[in-house]
Amino acid sequence: MNEDIRIHSWPCSYYLDTSKQWVSGRLSLTPVAIKFTADKTGELLVNFHLSSISEIKKESSNLIFSSLTILEKNTKHWFSSLQPSRNVVFNILEHFWREQLLSSQGAGAEAAALQSTKGKELTGLLTGSQKRLEDTAKVLHYQGEQFDNIMRGLNKIEGDMDVADRLLTELESPSWWPFSSKLWKAPLETKPKETATVSDSKNQEGIIIRIPVIITHRTDSNVKPGKLTLFTSGLEISDCNSQVIHRFESKDVDDIRVHTPYEISVRQRFIGKPDTSYRLLSAKMPEAIPILEMQFSKKIQFLEDALGFVGARKSPQVDLGTSIWQAATGLLGGVVQPSSPVGGREGMDNDQVQLQKQEKISQEEAKELKQILKKLKGLALETEAELERQDEALDSITTSVDRTTLNIDKQNRRIKKLT
């Protein structure tokens, strides 16, 4: 992720201590830093890392009203005349500051990150891939349950069609036929048991991911902190106290717009009344966007500022998994068998060979990587089996729908003859 991407910027004034005056300009927020640029000169007057902040406060005095102060190391920065409001800027800055401190890219981990080995980088990469594959498996499992429910519904329809066929047969039979009253009594007692298993699917759904967000409703200027929860059947927006603000079922979502890698908007359209729309900003949004893209592939739209984000992930998951697998197994081979030339493997490019010659990973890291790779392989096989099962289920559903359609047409013709 590009650390120079601008998440938000606000017009404001900054108190320049050297000249004892207020300077108008723009306060900008990036994923890791806060900057202030003067309007007249274009000079960058403020530029510091989020991890260096020790406090963000809303303050005022006899001379300065409605100001925002940021304590960075031993320097206190004053910002005033914030637009659209001080509360909006405060909530967003505080959210990204706290998430930065909690993340592995915070101040405590920044120095350690510089000394991280290739083994740790690869472990983090594979762990992220494992989480994505687990999320995919959850969505596929829910889709499989929906297919099962459809099949049960179609089986019930076919049972009803059999009953209707027997009733029509009785109506078509001559009045002197002695067995007509016994043709359709038995199936009536076997119908009600089918619907019992369809009811509790919503109660069994699992949470895919939950992230903290800053919520804006429609075009309101006020923002408030909350949470975004992604389920297999939709998404839910709640406040800090876990009180549900709004829940979107998958069928209710008309479009999702990705404004930046950190900001999205979700909308449900209505005829004759205002749309239901929420704008969500979060430091953790890059983790949720791939899941949204998978669940709402036909409804999600990446705007101009987010095209770089989707471009970085445009390769298929299969290719990504293959490249990770090759890189991991190659590095592991270099550790387990240092004397054997790893560069002779098929499918390895020159850059990867050079990387393996230059970098070594410890035995502990190799053991951890092997365990992750084993889990990844198991998840991949389960996902592949589930996809094959769903393909077979789709074929069965298509065949059943065609058969039911033919039966309906046939019974319509029989009813016309009777009338």
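Calculation criteria
- Residues numbered from 1 in each chain as written.
- Predicted model: local features only at pLDDT ≥ 70, side-chain atom pairs only at ≥ 80, totals over all residues.
- Heavy atoms only, no water.
- UniProt positions renumbered as here; feature names shortened; annotations may be inferred.
- Salt bridge = Lys/Arg side-chain N within 4 Å of Asp/Glu carboxyl O.
- Helix = DSSP H or I, 4+ residues; strand = E, 2+ residues; numbered from the N terminus.
- Buried < 20%, exposed > 50% of the residue type's maximum accessible area, 1.4 Å probe, protein only.
- Pairing = 2+ DSSP bridges.
- Axes fitted to C-alpha atoms, helices over the stretch in contact; angles between N-to-C directions.
- Contact = heavy atoms within 4.5 Å.
- Expected span 1.5 Å × (residues − 1).
- Phe/Tyr/Trp six-rings, centres within 6.5 Å; stacked < 30°, edge-to-face > 60°.
- Core = buried A, V, L, I, M, F, W, Y, C linked by side-chain atoms within 4.5 Å.
- Patch = residues over 30% accessible without salt bridge, like charges linked within 9 Å, V, L, I, M, F, W, Y side chains within 5 Å.
- Areas by Shrake-Rupley, 256 points an atom, 1.4 Å probe, with all protein chains shown as cover.
- Lys, Arg positive; Asp, Glu negative; His and termini not counted.
- Charge placed at Lys NZ, Arg CZ, Asp CG, Glu CD.
- Polar contact = N/O pair within 3.5 Å; in protein donor to acceptor, adjacent residues only side chain to side chain.

- By the naming in an unreviewed UniProt entry, the chain goes by Synaptosomal-associated protein 47 and is assigned to Aptenodytes patagonicus.
- Database annotation for the chain, UniProt heading Sequence similarities (unreviewed entry): "Belongs to the SVAP1 family."

**Describing the pattern of salt bridges**
- This model, assessed by the stated rule, comprises ten salt bridges.
- One salt bridge in this structure joins Glu-94 and Arg-98, with 3.1 Å as the shortest N-O distance. Of this pair, Glu-94 and Arg-98 both sit in helix α1 (residues 86-102), four residues apart, roughly one helical turn.
- Here Arg-247 and Glu-236 are joined by a salt bridge, their closest N and O atoms 3.4 Å apart. Of this pair, Arg-247 sits in strand β11 (residues 244-249) while Glu-236 sits in strand β10 (residues 234-239), and the two are eleven residues apart along the sequence.
- When its relative accessible area of 15% is taken as the criterion, Glu-236 is described as buried.
- Within the structure, one salt-bridge network assembled from shared partners comprises Asp-255, Arg-267, Arg-269 and Asp-275.

**Comments concerning the sheet that holds strand β7 (residues 75-80)**
- Across the sheet, which stays open at both edges, the seven strands sit in the order β4-β3-β2-β1-β7-β6-β5 with antiparallel pairing between neighbours. Whereas interior strands pair on both sides, the edge strands pair on one side only; in this sheet they are β4 (44-49) and β5 (53-59). For this sheet the average axis-to-axis angle between neighbouring strands, irrespective of direction, equals 30°.
- Two elements, strand β1 (residues 8-16) and strand β2 (residues 21-29), share nine bridges in a ladder whose sense is antiparallel. Of the residues in β2, the one forming a bridge with Cys-12 is Gly-25.
- The strands that α1 touches are β1, β2, β3 (33-38), β4, β5 and β6 (67-72); relative to β5, the one it contacts most, it runs at about 165°.

**Some points on α1**
- The end-to-end C-alpha separation of α1 is 24 Å, in line with the 24 Å expected for 17 residues at 1.5 Å each.
- Within α1, burial applies to Val-88, Val-89, Phe-90, Asn-91, Ile-92, Leu-93, His-95, Phe-96, Trp-97, Glu-99 and Gln-100.

**Structural notes on the packing of aromatic side chains**
- Counted under the stated rule, the structure contains six aromatic pairs.
- Residues Phe-96 and Tyr-262 carry aromatic rings whose centres are separated by 6.0 Å and whose planes lie at 65° to one another, so their mutual orientation is edge-to-face. Here Phe-96 is found in helix α1, whereas its partner Tyr-262 is found in the loop between β12 (255-260) and β13 (263-268), with 166 residues between them in sequence.
- Owing to a relative accessible area of 1%, Phe-96 belongs among the buried residues under this scheme.
- On the basis of relative accessible area, Tyr-262 is assigned to the buried category, the value being 7%.
- Between Phe-248 and Tyr-278, the ring centres sit 6.1 Å apart and the planes meet at 85°, which makes this aromatic pair edge-to-face.

**Here we look at the nonpolar core**
- By size, the foremost hydrophobic cluster in this structure holds 29 residues, and its most contacted members are Leu-27, Leu-29, Ile-34 and Leu-93.
- Of all the secondary structure elements, the ones that give two or more residues to this core are β1, β2, β3, β4, β5, β6 and α1.
- The leading source of residues in this core is α1, at seven residues.
- Not counting residues up to four positions away in its chain, the partners in contact with Leu-29 are Ile-5, Arg-6, Ile-7, His-8, Trp-10, Ile-34, Leu-50, Ile-92, Leu-93 and Phe-96.
- In terms of nonpolar packing, the next biggest core, distinct from the first, is built from 26 residues, Ile-209, Val-213, Leu-280 and Met-285 among them.

**Overview of a negative patch on the surface**
- Residues Glu-384, Glu-388, Asp-391, Glu-392 and Asp-395 make up a contiguous surface patch of negative charge.
- Tracing the backbone shows Asp-395 in helix α8 (residues 363-418).

**Looking at a positive patch on the surface**
- There is a patch of like positive charges on the surface, built from Lys-410, Arg-413, Lys-416 and Lys-417.
- In this fold, Arg-413 is placed in helix α8.

**Notes on helix α4 (residues 285-295)**
- Most of α4 sits inside the fold, with eight of its eleven residues counted as buried.
- Every buried residue of α4 is listed here: Met-285, Pro-286, Ala-288, Ile-289, Pro-290, Ile-291, Leu-292 and Gln-295.

**Topic: unusual backbone geometry**
- A cis amide bond, omega 10°, links Gln-83 with the succeeding residue Pro-84.
- With respect to the secondary-structure elements, Pro-84 resides in the loop between β7 and α1.
- Residue Lys-20 is not a glycine yet carries a positive backbone phi of 55°.
- Within the secondary structure layout, Lys-20 lies in the loop between β1 and β2.
- Within the chain, Lys-73 stands out as a residue other than glycine whose phi angle is a positive 55°.
- If you trace the backbone, Lys-73 turns up in the loop between β6 and β7.

**Re the side chain of Asn-91**
- Considering the arrangement of structural elements, one finds Asn-91 in helix α1.
- Residue Asn-91 is classed as buried on the basis of its relative accessible area, which comes to 16%.
- Engagement of the side chain of Asn-91 in a polar contact is seen with the backbone oxygen of Val-223, the distance being 3.3 Å.

**Section: the sheet that holds strand β14 (residues 276-281)**
- Spatially, the eight strands line up as an open sheet ordered β11-β10-β9-β8-β14-β13-β12-β15, and their pairing is mixed. The two strands at the open ends of the sheet, each matched to only one other strand, are β11 and β15 (300-302). The mean inter-strand angle of the sheet, taken between neighbouring strand axes irrespective of direction, is 30°.
- In the sheet, β12 pairs with β15 via three bridges, with the strands oriented parallel.

**Observations regarding the pairing of strand β9 (residues 224-231)**
- Across eight bridges, strand β8 (residues 207-217) lies against β9 in antiparallel orientation. Bridge pairing in β9 places Ile-215 opposite Lys-224.
- Note: β9 against β10, six bridges, orientation antiparallel. What sits directly across from Leu-230, in β10, is Leu-235.
- Hairpin connection from β9 to β10: two residues lie between these consecutive antiparallel strands.

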